[in-house]
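In case you want the letters, here they are:
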Amino acid sequence: MLDPFVAVRSDLREEGRELDLLVGELGEAGWAAKTPAPGWTIAHQIAHLAWTDRAALLSLTDGEGFAALTREALAAPGSFVDDGAAEGAAQPPAELLAGWRAGRAALDAALEAASPDARFPWFGPPMKAASMASARLMETWAHGQDVADALGVRRTPTDRLRHVARIGVRARDYAFAVRGLPVPAEEFRVELTAPDGISVWAYGPPDAAQRVTGPALDFCLLVTQRAHRSDVAVTAEGPDAGHWLDIAQAFAGPAGTGREPGARS
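In this report, we go over the structure that sits alongside the text. As the structure is a computational prediction, the values presented were derived from the model and not from experiment. (Residues numbered from 1 in each chain as written. Predicted model: local features only at pLDDT ≥ 70, side-chain atom pairs only at ≥ 80, totals over all residues. Heavy atoms only, no water.)

### Remarks on the overall build of the protein
Phase 1 of the analysis: Secondary structure summary: the protein contains 11 helices and 6 strands in total.
Phase 2 of the analysis: Across its three principal directions, the C-alpha atoms of the protein cover 50 × 40 × 40 Å.
Phase 3 of the analysis: Expressed as a percentage of its 265 residues, the buried residues of the protein come to 46%.
Phase 4 of the analysis: Taking contacts inside the protein between residues at least 6 apart in sequence as the whole, the part at least 24 apart equals 65%.
Phase 5 of the analysis: Accessible area for the protein stands at about 12,800 Å²; split by element, carbon and sulfur atoms hold 55% of it.
Phase 6 of the analysis: When the 25 basic and 35 acidic side-chain charges of the protein are each reduced to a single mean position, those positions are 2 Å apart. (Helix = DSSP H or I, 4+ residues; strand = E, 2+ residues; numbered from the N terminus. Buried < 20%, exposed > 50% of the residue type's maximum accessible area, 1.4 Å probe, protein only. Contact = heavy atoms within 4.5 Å. Areas by Shrake-Rupley, 256 points an atom, 1.4 Å probe, with all protein chains shown as cover. Lys, Arg positive; Asp, Glu negative; His and termini not counted. Charge placed at Lys NZ, Arg CZ, Asp CG, Glu CD.)

### Observations concerning the pairing of strand β3 (residues 189-193)
The side chains of a regular strand alternate between the sheet's two faces.
Phase 1 of the analysis: Alignment of β3 against strand β5 (residues 211-215), held across 5 bridges, turns out to be parallel. Across the sheet, E191 pairs through a bridge with T213, a residue of β5.
Phase 2 of the analysis: Relative to strand β4 (residues 200-203), β3 runs antiparallel, the two being bridged by 4 bridges. If you follow L192 over to β4, its bridge partner there is W201.
Phase 3 of the analysis: The antiparallel pairing of β3 with β4 creates a hairpin that spans 6 residues between the two strands, and G197 there sits at a positive phi of about 80°. (Pairing = 2+ DSSP bridges.)

### Some details on helix α8 (residues 161-170)
Phase 1 of the analysis: In terms of burial, α8 is a largely internal element, 7 of the 10 residues being buried.
Phase 2 of the analysis: Within the span of α8, buried status applies to L161, H163, V164, A165, I167, G168 and V169.

### Focus: the environment of E18
Phase 1 of the analysis: Tracing the sequence through the fold places E18 in helix α1 (residues 4-23).
Phase 2 of the analysis: In this structure the C-alpha to C-alpha distance between E18 and R155, which are 137 residues apart in sequence, comes to 9.5 Å.
Phase 3 of the analysis: Not counting chain neighbours up to four residues away, the residues in contact with E18 comprise R155 and R160.
Phase 4 of the analysis: Among the polar contacts listed, one links the side chain of E18 to the side chain of R160, at a separation of 3.0 Å. (Polar contact = N/O pair within 3.5 Å; in protein donor to acceptor, adjacent residues only side chain to side chain.)

### A look at the packing of aromatic side chains
Phase 1 of the analysis: Counting across every chain of the model gives 8 aromatic pairs.
Phase 2 of the analysis: Here W51 and F80 contribute two aromatic rings whose centre-to-centre distance is 5.8 Å and whose plane-to-plane angle is 50°, an arrangement assigned as tilted. A residue pair is termed long-range when its members are at least 10 positions apart, and W51 in helix α3 (residues 42-61) and F80 in helix α5 (residues 80-89) qualify at 29 residues.
Phase 3 of the analysis: On the accessibility criterion, F80 (22% relative accessible area) is partly exposed.
Phase 4 of the analysis: On the numbers, 6.1 Å between centres and 20° between planes, the contact of W51 with F123 is stacked. Of this pair, W51 sits in helix α3 while F123 sits in the loop between β1 (119-120) and β2 (127-128), and the two are 72 residues apart along the sequence.
Phase 5 of the analysis: Among the residues examined, F123 registers a relative accessible area of 31% and is labelled partly exposed.
Phase 6 of the analysis: Ring-pair connections join several aromatic residues into one group, and the members of that group are W51, F66, F80, W122 and F123. (Phe/Tyr/Trp six-rings, centres within 6.5 Å; stacked < 30°, edge-to-face > 60°.)

### Concerning the environment of T257
Phase 1 of the analysis: Along the chain, T257 falls in the segment after α11 (239-247).
Phase 2 of the analysis: As for T257 and I247, which are separated by 10 residues in sequence, their C-alpha atoms are 9.1 Å apart.

### Let's talk about the side chain of Q145
Phase 1 of the analysis: One can find Q145 in helix α7 (residues 129-151).
Phase 2 of the analysis: What makes Q145 buried here is its relative accessible area of 6%.
Phase 3 of the analysis: Side-chain polar atoms of Q145 contact the side chain of R155, separated by 3.0 Å.

### Observations concerning the nonpolar core
The nonpolar side chains of soluble globular proteins are, as a tendency, buried together.
Phase 1 of the analysis: Counting residues in hydrophobic clusters, the biggest one holds 53 residues, and the most contacted among them are L60, L111, L192, W201, V212, F219 and W244.
Phase 2 of the analysis: Counting residues per element, this core draws most heavily on α7, which supplies 8 residues.
Phase 3 of the analysis: F219 has contacts with A165, G168, V169, L192, V212, V234 and W244, leaving out every residue within four places of it along the chain.
Phase 4 of the analysis: In this structure, V23, A89, L96 and L97 belong to the second largest nonpolar core, which totals 15 residues. (Core = buried A, V, L, I, M, F, W, Y, C linked by side-chain atoms within 4.5 Å.)

### A few points about the pattern of salt bridges
Phase 1 of the analysis: If you walk through the whole model with that rule in mind, you get 16 salt bridges.
Phase 2 of the analysis: The partner of R160 in a salt bridge is E18, and the shortest N-O contact between them spans 3.0 Å. Residue R160 is located in the loop between α7 and α8, and its partner E18 is located in helix α1; the two are separated by 142 residues in the primary sequence.
Phase 3 of the analysis: The partner of R101 in a salt bridge is D20, with the nearest N and O atoms 2.7 Å apart. Of the two residues, R101 sits in helix α6 (residues 93-113) while D20 sits in helix α1, which places them 81 residues apart along the sequence.
Phase 4 of the analysis: What makes R101 partly exposed here is its relative accessible area of 38%.
Phase 5 of the analysis: Beyond isolated ion pairs, a larger network of salt bridges with shared partners links E15, E18, R155 and R160. (Salt bridge = Lys/Arg side-chain N within 4 Å of Asp/Glu carboxyl O.)

Following this line, the structure appears as structure tokens:
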């Protein structure tokens, strides 16, 4: 059986490669195409991924450098994400693409060299290298979805979504806490139908009173806030589980605004 840390790093490389295939041959007009994120073009999406890859690389290899980056973020908490994306998007497309590719390669090497038991700083709680790789995969997939939507491309879901789903489940309490809401006292049962249409990814106690069920793809779109709850086939049993589906987020930082109903067909 493949080591889980090796597996997630392989999946991260493949997720980046798949997105690279979407943008690698784009002309200037393609890079300037608007995505579902207000004010963000495809160039902004790739620039943001390049920025966060660099942040992850600093976390793994240069603690002081990451601390300095954190101070910059805290100095402009409401704008540092957009500012970083805008700065990167202003580059010529070829330069942006080359930088993103180089950053992915450097991060992959740093993940391979990282101690699997060490914890590394992040904008949320510190995490191990395997969790860092999972988080980078989740964000690559989510921003890749924005790119695919902008290009009118329907991506085939893969088992790599299990990393996104797991983060979404584990971030349940954070979604409540970041909004100043009481965290549910009891665990939920989450059962998601895998992309093969047969397997089920299950989390939480089988006998939990509150449950969430649906396709893994829909759940991942929901927790990455790429789709409104009304546009996905994810259902909840229980009031707290239902509330969670309204506020779920798989990413650190402030509560996201999500997408409007009907934004996805």
